Amino acid sequence: MSQPKKETPPLKIASVQITGYRGFPVPITLSLAPHDSQGRLTQPHKAGNLLLYGENGSGKSSFGKALRDFLNYKKDAPAFDDYQYRYEAPRIDRSIKITFDDGKTDSGEEKTRRLEWNPTDRDKSHPLFMDMARSIGWLDYREIWRATDVRWGDHVDVFEQLVETIIAGCPLKTSSKTFGDIWKNINETAENKPTKAASTINDLNQLKLDINSFNNNLQVFLP
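Cut-offs and rules
- Residues numbered from 1 in each chain as written.
- Predicted model: local features only at pLDDT ≥ 70, side-chain atom pairs only at ≥ 80, totals over all residues.
- Heavy atoms only, no water.
- Helix = DSSP H or I, 4+ residues; strand = E, 2+ residues; numbered from the N terminus.
- Buried < 20%, exposed > 50% of the residue type's maximum accessible area, 1.4 Å probe, protein only.
- Contact = heavy atoms within 4.5 Å.
- Areas by Shrake-Rupley, 256 points an atom, 1.4 Å probe, with all protein chains shown as cover.
- Salt bridge = Lys/Arg side-chain N within 4 Å of Asp/Glu carboxyl O.
- Axes fitted to C-alpha atoms, helices over the stretch in contact; angles between N-to-C directions.
- Left-handed = near helix turned anticlockwise from the far one by under 90°.
- Nonpolar A, V, L, I, M, F, W, Y, C, P; charged D, E, K, R; others polar.
- Core = buried A, V, L, I, M, F, W, Y, C linked by side-chain atoms within 4.5 Å.
- Polar contact = N/O pair within 3.5 Å; in protein donor to acceptor, adjacent residues only side chain to side chain.

> Go over the overall build of the protein, please, and point to the residues and values.
Per the secondary structure count, the protein includes 6 helices and 7 strands. For the protein, the N- to C-terminal ordering of α and β elements is β-β-α-β-β-β-α-α-β-β-α-α-α. Counting across all 223 residues of the protein, residues that qualify as buried make up 32%. Pairs at least 24 apart in sequence give 56% of the contacts found in the protein among residues at least 6 apart. Per element, the accessible surface of the protein, about 15100 Å² overall, is 51% carbon and sulfur.

The following block contains the structure:
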């Protein structure tokens, strides 16, 4: 008789500390769950979406971009000093630190892990780093405006926000491409209006394949 598969505990961010990056000249810590100075949770962490609100210039965009920059897994990912705080002399301790709550150990203790990104090192040692990097979703107010733009027929179009922002970095099940990659390919090929003519028949066939692949993968991914 096979043993029941052990469920992987949900991964949650306990805190984020940003120092000397984008709009944060001095250390600032956003705690998403009560925890001590070592990152150990002192109360249960309730998972959920995070809504940030505040006045213009309060750091909302800088916080979101700091997380996205840290979790950028691509070869052309920005270096830390590309976006260091530029209005003062660079701090020696400039960095971004993310503390994760990885659930509980078999003995019931909280498991935590801290990753740090600084001018000399981007720590990717967390076993789920790539999954986090590909699935991070961040909507700023501009995207919210786009999503609430009611068009002809009183229809709210959330498709573009979905494929261009929320799941753009998520990989397809059937290939190493991401939804953003194949969506870009579809649009670029479609703009050339390929036909069954000998010179464009290959592009037309590839467009059909990409559309079918995109649709099939999206149907599997969304649930």
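> Residues and numbers for the pattern of salt bridges, please.
Overall, the coordinates contain 3 salt bridges when judged by the stated rule. Among the salt bridges present, the one from Arg94 reaches Asp81, with a minimum N-O distance of 2.9 Å. Taken together, the residues span a long stretch of sequence, with Arg94 in the loop between helix H1 (60-70) and strand S3 (95-104) and Asp81 in the loop between H1 and S3 at a distance of 13 residues. Taking the shortest distance from any N to any O, the salt bridge between Arg91 and Asp93 comes out at 2.8 Å. On the basis of relative accessible area, Arg91 is assigned to the partly exposed category, the value being 27%.

> I'd love a proper account of the packing of helix H5 (residues 179-191) against helix H6 (residues 201-221), names of residues and values included.
At a closest axis distance of 10 Å, the pairing of H5 and H6 adopts a crossing angle of 145°. Relative to H6, the crossing made by H5 is left-handed. Of H6, the residues touching H5 (which contributes Phe179, Ile182, Trp183, Asn185, Ile186, Thr189 and Ala190) are Asp203, Leu207, Asp210, Ile211, Ser213, Phe214, Asn217, Leu218 and Phe221. By residue class, the composition of the contact of H5 with H6 is 10 nonpolar, 4 polar and 2 charged.

> With reference to specific residues and values, describe the nonpolar core.
Counting 19 residues, the largest nonpolar core has Val16, Ile18, Tyr21, Phe70, Ile96, Ile98 and Phe129 as its most contacted members. Where this core is concerned, the elements lending two or more residues are strand S1 (12-19), H1, S3, strand S4 (110-118) and helix H2 (129-135). Of all the elements, H1 adds the most residues to this core, at 4 residues. Contacts of Ile96, omitting those with residues within four sequence positions, involve Val16, Gln17, Ile18, Tyr21, Ala66, Phe70, Phe80, Leu115, Glu116 and Trp117. Core analysis: the second largest hydrophobic core is formed by 12 residues, Val163, Trp183, Ile186 and Leu218 among them.

> Would you mind going over the side chain of Asn217 in detail, with residue names and values included?
Along the polypeptide, Asn217 turns up in helix H6. You can call Asn217 buried: its relative accessible area is 5%. Once residues within four sequence positions are removed from consideration, Asn217 is found in contact with Leu172, Lys173, Thr174 and Phe179.

> Could you give an account of the side chain of Asp69, naming the residues involved and the relevant values?
Residue position: Asp69 is located in helix H1. Asp69 sits in the buried class, given a relative accessible area of 10%. Polar contacts involving the side chain of Asp69 include one to the side chain of Tyr21, which spans 2.6 Å. Each residue touching Asp69, except ones within four places of it in the same chain, is listed here: Tyr21, Arg22, Pro78, Tyr83, Trp117 and Arg122.

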